[in-house]
Structures are given as C-alpha cells and as structure tokens.
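Analysis of the macromolecular model
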Amino acid sequence: NIQTGPVNGGRSLSVMENRKSVRESGPEPMNLETLGEFLYRVARIKEVKESSLQDVLSRPYPAGGSINELEFYIAVRRVANLEPLFYHYDGLAHVLVALEGTEKVADKIVRRASAAMGMAEGPFPDMIIVITTRMPRFAWKYQGMAYRTTLTNAGVVTEVLYLVAADMGLAPCGTGTGDSRLFAEATGIDPWTETSIGEFVLGSAP
C-alpha cells in the first residue's frame, strides 16, 4: 500500500469540493455585473494570434490546437437590466449582442432545459448558456476525430462553468438535452456552419 501525505489544496480544493448542481435560482434576479464577471472568467478571448493557416485564440480554458471553435449564447429569462432574449457573447469585445425577435425562442430553450431538470412546471431558471461549435473551423485539422474532440472541449468548458459558478456562489446545473433546431431558428445560421452541442443552466445565488 502507498500512503499519501496530507491534502492542502487551499481555495482551489474548496471550489472543487463545493461544486454541485443547484436547480433553483435565488429569489432575486442576477444583475448584469455578476453575469459579466462570470462570462469574463469563463469565455473571454484573451488573445488572438494570426498564422498562415488559421488564427488561434486564447481563452481561460484549454482547447485542442487553440482553435477555440466553441461559441457561447445565452437564453435569458430573468436578469436585471437585460431583456428576455437570445444573446451572443462576443468574447473579444466582452459584450452581449442581442438577437432581436428571439423572445419566444429564448423562452422555449429555458422551458425545455427546466423540463430536463424535472421542473417542467417551474420554477424556471434565470438563463441557459448554449454552447455551440463552429465545426468547419475545427474539422480541417482534426478531420475524422473532429466531432469527438469538440465534444471533449465542451466537456472541459462545462467543468469550468461549474467551478466558476461555485466560486461565485451561483446556481449552476448542466443538462443532458438541447435542441439544435431552436438555435438555428434564433440565429438563422446554417447548422453545417455552427450548431449547438450543449446547454448549461445558470441562476442567481440561492
């Protein structure tokens, strides 16, 4: 048998240990500043490097080849000073870009995610983070293993979402469902160009 020494992980260990799914948001809506901090810590683009083949991006999480094919959208139901719409997060400018006329689609995404958590009748979550992949950006390099690798990248991001939410005291919950057709309806983007591959529920502090 091998005996290990004492564990002294400090704050990082505490965040890992406290990570858990929380299905109900707090009584008060999240404010825009808190959401901004969350997105900044998870998904901002820190640096862009140009090359002869393809530009590569640096984000807070690791990604295959630094290609960073994943994008982030938010279906908002309840955030202070933010309309209930579908938004794209521009990680380079660190802004949310509203997609006009998407109220109904955003509501559908929220309600379906709520049903996936066993809460079809509510209370409904504050927002759903939709993770998408731009497969053509990625597949030229990874080819036959591109889909598997982009799902692996999405899994890494999901853990980062959980850890940052735990550190900020928010209400996170990964879901195993999603509807790529709703993303196409909201954005008008050809699914072969970009499509949703994951959803993550986020709410205010319980």
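Notes on the structure in this doc start here.

Conventions used here
- Residues numbered from 1 in each chain as written.
- Predicted model: local features only at pLDDT ≥ 70, side-chain atom pairs only at ≥ 80, totals over all residues.
- Heavy atoms only, no water.
- Helix = DSSP H or I, 4+ residues; strand = E, 2+ residues; numbered from the N terminus.
- Expected span 1.5 Å × (residues − 1).
- Buried < 20%, exposed > 50% of the residue type's maximum accessible area, 1.4 Å probe, protein only.
- Contact = heavy atoms within 4.5 Å.
- Pairing = 2+ DSSP bridges.
- Axes fitted to C-alpha atoms, helices over the stretch in contact; angles between N-to-C directions.
- Phe/Tyr/Trp six-rings, centres within 6.5 Å; stacked < 30°, edge-to-face > 60°.
- Lys NZ or Arg CZ within 6 Å of the ring centre and 35° of its normal.
- Polar contact = N/O pair within 3.5 Å; in protein donor to acceptor, adjacent residues only side chain to side chain.

The next point concerns helix H5 (residues 146-168). An ideal rise of 1.5 Å per residue puts 33 Å on 23 residues; H5 measures up with 33 Å between its terminal C-alpha atoms. Every buried residue belonging to H5 is among Ala146, Thr149, Thr150, Asn153, Ala154, Val157, Val160, Leu161, Tyr162, Val164, Ala165 and Met168, and all of these are buried. Buried positions along H5 lie against helix H2 (32-43), strand E3 (70-76), strand E6 (127-133), helix H4 (135-142), strand E7 (171-175) and strand E8 (195-203). Following H5 by one or two positions, glycine 169 adopts a phi angle in the positive range, close to 75 degrees.

Glancing now at the sheet that holds E7. Taken together, six strands build an open sheet; the order of strands is E5-E4-E3-E6-E8-E7 and the sheet is antiparallel. Looking at strand neighbours, the two that pair on one side only are strand E5 (95-99) and E7, the edges of this open sheet. Within this sheet the neighbouring strands show an average axis-to-axis angle of 30 degrees, counted without direction. Packed on one face of the sheet, H5 meets E3, E6, E7 and E8 and runs near 10 degrees to E8.

All right, on to the packing of aromatic side chains then. Taken as a whole and assessed by the stated rule, the structure comprises six aromatic pairs. Between tyrosine 73 and phenylalanine 86, the ring centres sit 5.6 Å apart and the planes meet at 10 degrees, which makes this aromatic pair stacked. Of this pair, tyrosine 73 sits in strand E3 while phenylalanine 86 sits in strand E4 (residues 86-90), placing them 13 residues apart in sequence. For the pair phenylalanine 86 and phenylalanine 183, a centre-to-centre distance of 6.3 Å together with 70 degrees between the ring planes defines the contact as edge-to-face. Taken together, the positions of phenylalanine 86 in strand E4 and phenylalanine 183 in helix H6 (residues 180-187) put the pair 97 residues apart, joining distant regions of the chain. Taking the relative accessible area as the measure of exposure, phenylalanine 86 reaches 0% and is therefore buried. Grouped by ring-pair contacts, the aromatic residues Tyr73, Phe86 and Phe183 constitute a single cluster. Cation over ring: arginine 19 sits above tyrosine 162, and NZ or CZ is 5.0 Å from the ring centre. In this structure, arginine 44 packs its charged tip against the face of tyrosine 40, placed 4.1 Å from the ring centre.

Along the chain, threonine 149 turns up in helix H5. The exposure class assigned to threonine 149 is buried, which follows from its relative accessible area of 10%. When near neighbours in sequence (up to four residues on either side) are disregarded, threonine 149 contacts Phe138 and Tyr142.

What follows is about the environment of arginine 134. Its place among the elements puts arginine 134 in the loop between E6 and H4. With residues near it in sequence (within four places) discarded, arginine 134 still touches Leu57, Asn68, Glu69, Leu70, Glu71, Thr193 and Glu194. Polar contacts involving the side chain of arginine 134 include one to the side chain of glutamate 71, which spans 3.2 Å.

This next bit is on the environment of asparagine 81. Inspection of the secondary structure assignment puts asparagine 81 in the loop between E3 and E4. You can call asparagine 81 exposed: its relative accessible area is 74%. Along the sequence, asparagine 81 and asparagine 31 sit 50 residues apart, while their C-alpha atoms lie 7.2 Å from each other.

Judged from the three bridges that link them, E3 and E4 form a sheet pairing that is antiparallel. In the strand pairing of E4, alanine 75 is matched with phenylalanine 86. Bridge count between E4 and E5: five bridges; the pairing is antiparallel. Pairing of tyrosine 89 across the sheet is with leucine 96, part of E5. What sits between the antiparallel neighbours E4 and E5 is a turn of four residues, in which histidine 94 has the positive phi angle 55 degrees.

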